Amino acid sequence: MIDKSPIYSLTPFTMLDFPQKTACIIWFAGCNMRCAYCHNPDIVNGKGIKTENDILDFLKRRKNLLDGVVISGGEATCYKDLANFLSTIKEMGYAVKLDSNGTYPETIKHLFENKLIDFLALDYKASPCKFKTVTGTGRRLWNRFQETLDYLCANQHGKFEVRTTIHTDLLREDDINSMIVDLEEKKYTGTYYLQNYRHKDAGTLGKMLDQEQGLDMTHIQPSENFTIEYRNF
Ligand code: SF4
C-alpha cells in the first residue's frame, strides 16, 4: 500500500464524471495493475505531487460551488490513509464518488459501511481467462475483485455501477458474455456499461495500437436482470 503523499493532480471542475453533480477530480498516483489500454501511464508510474492539505484548501474555497469529489487515478484504494482523507472531505459536506478496480475489498467495505463514499464506479476488467492479459496481474487480484463484486451485489444495490473497457485485441464478444453471466449469477441489477477503447496519440501503458475491428454488438447476450449500455461506440 502507498503511504506517502499520493495525489498526482487535481481537475478543478467536471460535469461528466459524477452523475447529476458538479465535481472536481482528485487523481491518485500509483496502481496495482498494468492495464495495456491505460490512458494514464504518467499517473500509474508517477509520484504524488500535491499534499492532502493542498486539496483540502482547494475544497474549502470551492464549498457551495461544487457538489462532489471524484476520487480516481491510478488506484486510490492502494493508499492506506484514504478513509481518513475521505472522512475529512465528507465532514466538509461533499458527496464522494470512487473509481476503482475493486482489488481492495476490505477498503471498499469499510468506505461504504462508514458512509465515506456515496457511489462507486467499478471496473470489471476481464473474464478470468483474460484477466492477466488485460491487467498484467494474476489470480490473486482476480479473487480480490470477485470478493468486492460479491459484496457490492449483496449489499449495495443502487450505489455502484459496473463498467468494462473494450479493446477488441484484448476482449472479444465471448469474454463480455461470460462477464454478463457472472453479473447475472450475482444478481446485479444496475446498468452494465461497455466502454469502447478510444485511441490517443499520447499512447497507453501497454503501447496499444488502435483497434482494427469493432465489437459485434449483435453477439452480446442481453440480460433479463440489468441494462447494458454502450459508451463511445
Ligand atoms: S486502467 Fe488499469 S493500470 Fe490504469 S489506472 Fe486503471 S486499473 Fe490502473
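*Asks:* Could you give an account of unusual backbone geometry, naming the residues involved and the relevant values?
*Replies:* Cis geometry marks the peptide bond from Gly73 to Gly74, where omega comes out at 20 degrees. Here Gly74 lies in the loop between strand E3 (68-73) and helix H3 (82-91). The backbone phi angle of Lys187 is positive, close to 65 degrees, even though this residue is not glycine. With respect to the secondary-structure elements, Lys187 resides in the loop between helix H7 (173-185) and strand E7 (191-196). Of note, the phi angle at Lys207 is positive, near 50 degrees, even though the residue is not glycine. Looking at the element boundaries, Lys207 is found in the loop between E7 and strand E8 (227-231).

*Asks:* Describe the site of the ligand, naming the residues involved and giving the relevant values.
*Replies:* Around the ligand, the surrounding shell consists of Cys31, Met33, Arg34, Cys35, Cys38, Asn40, Val44, Gly73, Gly74, Glu75, Asn101 and Leu205. Residue classes in the shell around the ligand are distributed as six nonpolar, four polar and two charged.

Conventions adopted
Residues numbered from 1 in each chain as written. Predicted model: local features only at pLDDT ≥ 70, side-chain atom pairs only at ≥ 80, totals over all residues. Helix = DSSP H or I, 4+ residues; strand = E, 2+ residues; numbered from the N terminus. Near = placed C-beta within 6 Å. Nonpolar A, V, L, I, M, F, W, Y, C, P; charged D, E, K, R; others polar.

In short, shape yes, function no, at least from these values alone.
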